[in-house]
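Now for the letters of each chain:
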Amino acid sequence: MSQRSRIDPAPSGLLDLDPRWIKAIQRSLLQWYANHARELPWRRRVTPYRVWVSEIMLQQTQVASVIPYFRRFIKEFPTIGALAASSEQDVLRLWEGLGYYRRARQLHQAAKLVVERHGGKLPTHIALLRQLPGIGRYTAGAILSIAKGLPEPILEANSRRVLARLLGFKGDAASSRGTKRLWEAATRLVPQEDPGGFNQALMELGSGLCNPKSPLCGQCPLQQNCQGHHLGIASKIPLVRRKARSLKVQETAIVITDGDQLLIRQRGPNERWAGLWDFPRLSMAKLKPDVIQDTAKRIAKQELGIPISRPRLMTTIQHTVTRYRITLYAIQAHISSRRGPGLTRKGAANAPHYCWAGAADLESLPLTTPARRLFQFWKNQSND
Ligand code: SF4
């Protein structure tokens, strides 16, 4: 297309998209995608279930991180029925390390509902799909367009950025006004022919050429008709909202052993990492080496009801959860007596979410990421 044939997206406002511009964008994007689509496991054999699992895993997560998880998950749970019949613990174990565990719990709950209400098949009506836990407008649109060829629009981080730039949208693309406008644009743009290819192409372009910091407009198939590029403001779109400052936090975990058993605790439904297992936490943020012995003993007795002996600092690890940069001190200690209100081998009536577990149990239970690291550290040290 020559420079003279450039088409403005919307001569009189965003909602009034020029049909010639729409056609030009659809054609260029689909042509480009036909030659540049990445080989990804969920694109090999497209089914609603595989698209669903991949889209849930891809939320807030890079493609490269998702690939091995997707492969393992589909191998273990090849059908919605198999997923529904599994335990939440098995699902969380396969999800371990991918983060945002609510996604896994909701996927599991939704699979059960699909079996109960829809005979094990994902419904093809968008309203029914959106009644399932974890399936919002975006995920429903992705499943129906990619796996069923229905002209449903999508809007997620990558397509949001591409659309905002194509339209030269100068406002806050994440605000409710921006979101409404961009959904409208996505609805107008999604073609009847190959809507799944078009939606995937939008996301693919956004994850590569039209990346957040330095869009590679010179290589982009949409450059000719991109308003953001034309106005020279592509890299300033979307407006970046100031991120909340990260917070430094100190926490303390305790690895208590009783022979070859370790004390673990399942995180509660309203806690971070709900459903996963962790080492007990103690409310002693600042650890002074000279008082760690006495303080750890006293607090373990107070908070866990367990007398411990020989507490020592085992290791310190750093990890990040959302905006919290956490320094986790890990104390190692031995149980000194099973007498008193301490936990029995099966937990205790007032603390059923605690239990003693051997190393083999910890291999198969879903652990929080820091607990997995501490367990690995403990094992390496025990083998030395
Ligand atoms: Fe993004 Fe540039 Fe392509 Fe426009 S021309 S869609 S800003 S990469």
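Structure first, text after, so check above.
In this report, we go over the structure that sits alongside the text. Numbering of residues starts from 1 in each chain and follows the order in which that chain's sequence is written. Note on the predicted model: pLDDT of at least 70 is required for a residue's local features to be given, and 80 or more for side-chain atom pairs to be given and counted; whole-chain, interface and lining totals, by contrast, use all residues. Side-chain numbers here rest on the full set of heavy atoms in the structure, without hydrogens or water.

1. So, the site of the ligand
Part 1 of the reasoning: For each residue, the test is whether any non-hydrogen atom lies within 4 Å of the molecule or strand; if one does, the residue is near. Residues in contact with the ligand, as listed here, are Arg165, Leu209, Cys210, Pro215, Cys217, Cys220, Gln223, Cys226, His229 and Ala234.
Part 2 of the reasoning: Split by residue class, the shell around the ligand holds seven nonpolar, two polar and one charged. Residues were grouped as follows: Ala, Val, Leu, Ile, Met, Phe, Trp, Tyr, Cys and Pro as nonpolar; Asp, Glu, Lys and Arg as charged; and all remaining residues, including Gly, as polar.

2. Quick look at empty space enclosed by the protein
Part 1 of the reasoning: Think of a 1 Å grid over the protein atoms and nothing else: a 1.4 Å probe that fits but is trapped marks a cavity, an open set flanked by protein within 12 Å on at least five of seven lines marks a pocket, and residues with an atom within 4 Å of a point count as lining. Grid points are joined across faces, edges and corners, and a volume is the space filled by probe spheres set on the points. Inspection of the entire model under this criterion finds one cavity of 30 Å³ or more.
Part 2 of the reasoning: Forming the walls of the largest cavity are 15 residues, and the residues nearest its centre are Cys210, Pro215, Cys217, Cys220 and Cys226.
Part 3 of the reasoning: The element that contributes the greatest number of residues to the lining of the largest cavity is helix 10 (residues 157-167), accounting for three residues.
Part 4 of the reasoning: Here the residues of the lining of the largest cavity sort into twelve nonpolar, two polar and one charged. Helix and strand assignments come from DSSP, with helices taken as H or I runs of at least 4 residues and strands as E runs of at least 2, each series counted from the N terminus.

3. As for unusual backbone geometry
Part 1 of the reasoning: The step from Ile237 to Pro238 runs through a cis peptide bond, and the omega angle for that step is -5°.
Part 2 of the reasoning: Looking at the secondary structure, you find Pro238 in the loop between helix 13 (227-230) and strand 1 (247-258).
Part 3 of the reasoning: Look at Tyr100: it is not a glycine, yet its phi comes out positive at around 45°.
Part 4 of the reasoning: Assignment of secondary structure puts Tyr100 in the loop between helix 6 (88-95) and helix 7 (102-118).
Part 5 of the reasoning: Classification of Tyr100 as partly exposed rests on a relative accessible area of 43%.
Part 6 of the reasoning: In the Ramachandran plot, Asp194 falls in the positive-phi region, its phi being about 55° despite a non-glycine side chain.
Part 7 of the reasoning: Tracing the chain through its elements places Asp194 in the loop between helix 11 (176-189) and helix 12 (195-207). Note on classification: 1.4 Å probe, protein chains only; a residue is buried when its accessible area is under 20% of the maximum for its type, exposed when over 50%, partly exposed between these limits.

4. Structural notes on the layout of surface pockets
Part 1 of the reasoning: In this structure, the largest pocket spans a volume of roughly 1600 Å³.
Part 2 of the reasoning: Lining the largest pocket are 44 residues; nearest its centre among them are Gln60, Glu156, Ala157, Asn158 and Arg161.
Part 3 of the reasoning: Partitioning the lining of the largest pocket into residue classes produces 17 nonpolar, 14 polar and 13 charged.
Part 4 of the reasoning: In this structure, the second largest pocket encloses a volume near 560 Å³.

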